[in-house]
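Tertiary structure, described
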Amino acid sequence: MTRKKVKLAYITNDSARKATYKKRKKGLMKKVSELTTLCDIDACAIIYSPYDSQPEIWPSPLGVQRVLAQFKTMPEMEQSKKMVNQESFLRQRINKAQEQLKKQKKDNREKEMARVMFQSLTGKSLQGLTLSDLTDLGWVIDQHLKELHLRMKNIKEEVVKSQNQVQGAQGVSSAVADHRMVAMKSNREDSGSNMAMKSGEEGSSMQHAALDRQAFDHMHNMEAMQLQMMHMAAQKQQNHWFMDMMNAPPQPPLPHPDNHEHMGFTGEDMMLPFANHNHSTMWSNPPPAGGFNFP
């Protein structure tokens, strides 16, 4: 359970005031003793009260005199630097309270103008505001705009920073991958060289066999490529000849010896466009551009 905050005001009840004095005096003496022990300093305490005929001192009369003698040897400015009396103490408290009141009034005014600003954004009219209100409202609007611009700037900087971090991480990953590839390649080269040195002639014969195999594969690939090119050339020439034949103008039909129109070819007179009468071999040359002349 938390302790209730004590109101710093004069205690009007005599018995309560006396009880508080005894309790606080004992605590003050204890704190002075702890301060001198923990920090190794010279300190004393002298307390006058209407409840005791003699003042309460700590630690002893000789100790109090020694500390007072040290205090009197200090310059006057140093003696009164942090010294206060009842009037100065109350004045300090009043000034502090006034500063707090001023700050609270400023906060309340800012909140009030911020509420007016948000209400105007919803469509509420600004009629009825004084010149002072309008001035304060303009100041609040400027402060909100500054905060918005600052927030946008921070967001942009965070986006750029995150992009740079991603790019840096990708660069590091690629560098690590390249380093691993180089290390693996170096290890393979080192292992291959060690195996070649240990195997001697056996490794040399295996290397020659691998080279022969590569040469054979290369020759085989070249032959296959050459055959493919020849096939493509022949197919291109055949297509060109076929297109010429299809584009040639048609020839008028010739009269038949029996004075009958010959409507086509039948039997042995039928000629295939891509073979001779034996139907066995292809023509070596394409047909003439003028077409065929049949008897």
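Since we're looking at a predicted model, the values are computed, not measured.

Reading guide: rules and limits
Residues numbered from 1 in each chain as written. Predicted model: local features only at pLDDT ≥ 70, side-chain atom pairs only at ≥ 80, totals over all residues. Heavy atoms only, no water. Helix = DSSP H or I, 4+ residues; strand = E, 2+ residues; numbered from the N terminus. Areas by Shrake-Rupley, 256 points an atom, 1.4 Å probe, with all protein chains shown as cover. Expected span 1.5 Å × (residues − 1). Buried < 20%, exposed > 50% of the residue type's maximum accessible area, 1.4 Å probe, protein only. Polar contact = N/O pair within 3.5 Å; in protein donor to acceptor, adjacent residues only side chain to side chain. Contact = heavy atoms within 4.5 Å. Salt bridge = Lys/Arg side-chain N within 4 Å of Asp/Glu carboxyl O. Phe/Tyr/Trp six-rings, centres within 6.5 Å; stacked < 30°, edge-to-face > 60°. pLDDT = per-residue confidence, 0-100. Patch = residues over 30% accessible without salt bridge, like charges linked within 9 Å, V, L, I, M, F, W, Y side chains within 5 Å.

1. A look at the overall build of the chain
What the chain contains, in helices and strands, is 6 helices and 2 strands. From first element to last, N terminus to C terminus, the chain shows the α and β order α-β-β-α-α-α-α-α. In the form shown here, the chain has an accessible surface area of approximately 26800 Å², with 59% of it arising from carbon and sulfur atoms.

2. Quick notes on helix H4 (residues 86-121)
A rise of 1.5 Å per residue sets the reference length of H4, with its 36 residues, at 52 Å; its end C-alpha atoms lie 53 Å apart and thus fit the reference within 8%. Residues of H4 that are buried: Met113, Ala114, Val116 and Met117. Residue asparagine 85 occupies the N-cap position of H4, its side-chain oxygen lying 3.3 Å from the main-chain nitrogen of glutamate 87. Directly after H4, the chain includes glycine 123, whose backbone phi takes a positive value near 110°.

3. Quick notes on the side chain of threonine 36
Mapped onto the fold, threonine 36 is located in helix H1 (residues 14-39). Ignoring anything within four residues of it in the chain, the contact list for threonine 36 reads Ile41, Ala43 and Trp58.

4. A closer look at the side chain of aspartate 133
By secondary structure assignment, the location of aspartate 133 is in helix H5 (residues 131-199). Setting aside residues no more than four positions away along its own chain, aspartate 133 makes contact with Arg109 and Met113.

5. Observations regarding the pattern of salt bridges
Taken as a whole, this structure holds 8 salt bridges when the rule is applied. The salt bridge partner of aspartate 14 is arginine 17, with a shortest N-O separation of 2.6 Å. A residue pair is termed a helical-turn pair when its members lie 3 or 4 positions apart in one helix, as aspartate 14 and arginine 17 do in helix H1 at 3 residues. Judged by its relative accessible area of 52%, aspartate 14 is exposed. Across the salt bridge formed by aspartate 136 and arginine 109, the nearest N and O atoms sit 2.7 Å from each other. One end of the pair, aspartate 136, is in helix H5; the other, arginine 109, is in helix H4, with 27 residues separating them in the sequence. Residue aspartate 136 is classed as partly exposed on the basis of its relative accessible area, which comes to 25%. Within the structure, one salt-bridge network assembled from shared partners comprises Arg109, Glu112, Asp133 and Asp136.

6. Structural notes on unusual backbone geometry
Negative phi characterises most residues that are not glycine, and trans characterises most peptide bonds. The residue after tryptophan 58, namely proline 59, is reached through a cis peptide bond having omega 5°. Among the secondary structure elements, proline 59 is positioned in the loop between strand E2 (56-58) and helix H2 (61-72). The phi torsion at aspartate 40 lies on the positive side, around 55°, for a residue other than glycine. Within the fold, aspartate 40 resides in the loop between H1 and strand E1 (45-47). Among the residues examined, aspartate 40 registers a relative accessible area of 70% and is labelled exposed.

7. Comments concerning the packing of aromatic side chains
Per the stated rule, a full pass over the model turns up 1 aromatic pair. Centroid distance tyrosine 21 to tyrosine 51: 5.4 Å. Interplanar angle 35°. Geometry classified as tilted. Of this pair, tyrosine 21 sits in helix H1 while tyrosine 51 is found in the loop between E1 and E2, placing the two residues 30 residues apart along the sequence.

8. Some details on the confidence of the model for the chain
Of the residues in the chain, 61% reach a pLDDT of 70 or more, and the chain-wide mean stands at 75. Mean pLDDT across the secondary structure elements of the chain bottoms out at helix H6 (residues 201-247), with 58, and peaks at E1, with 94. Low pLDDT, under 50, characterises residues 259-284; the predicted model gives this stretch 20 contacts beyond four residues in sequence or across chains.

9. Examining a nonpolar patch on the surface
Taken together, Ile46, Tyr48, Ile57 and Leu68 make up a surface patch of nonpolar side chains, about 390 Å² in accessible area. Residue classification places tyrosine 48 among the exposed positions, given a relative accessible area of 67%.

10. Focus on H1
For H1, with 26 residues, the first-to-last C-alpha span of 37 Å sits near the 38 Å given by 1.5 Å per residue. Of all the positions in H1, only Tyr21, Lys25, Met29, Val32 and Thr36 are classed as buried. In this fold, the buried residues of H1 make contact with E1 and E2. Aspartate 40, located one to two residues past H1, shows a positive phi value of around 55°.

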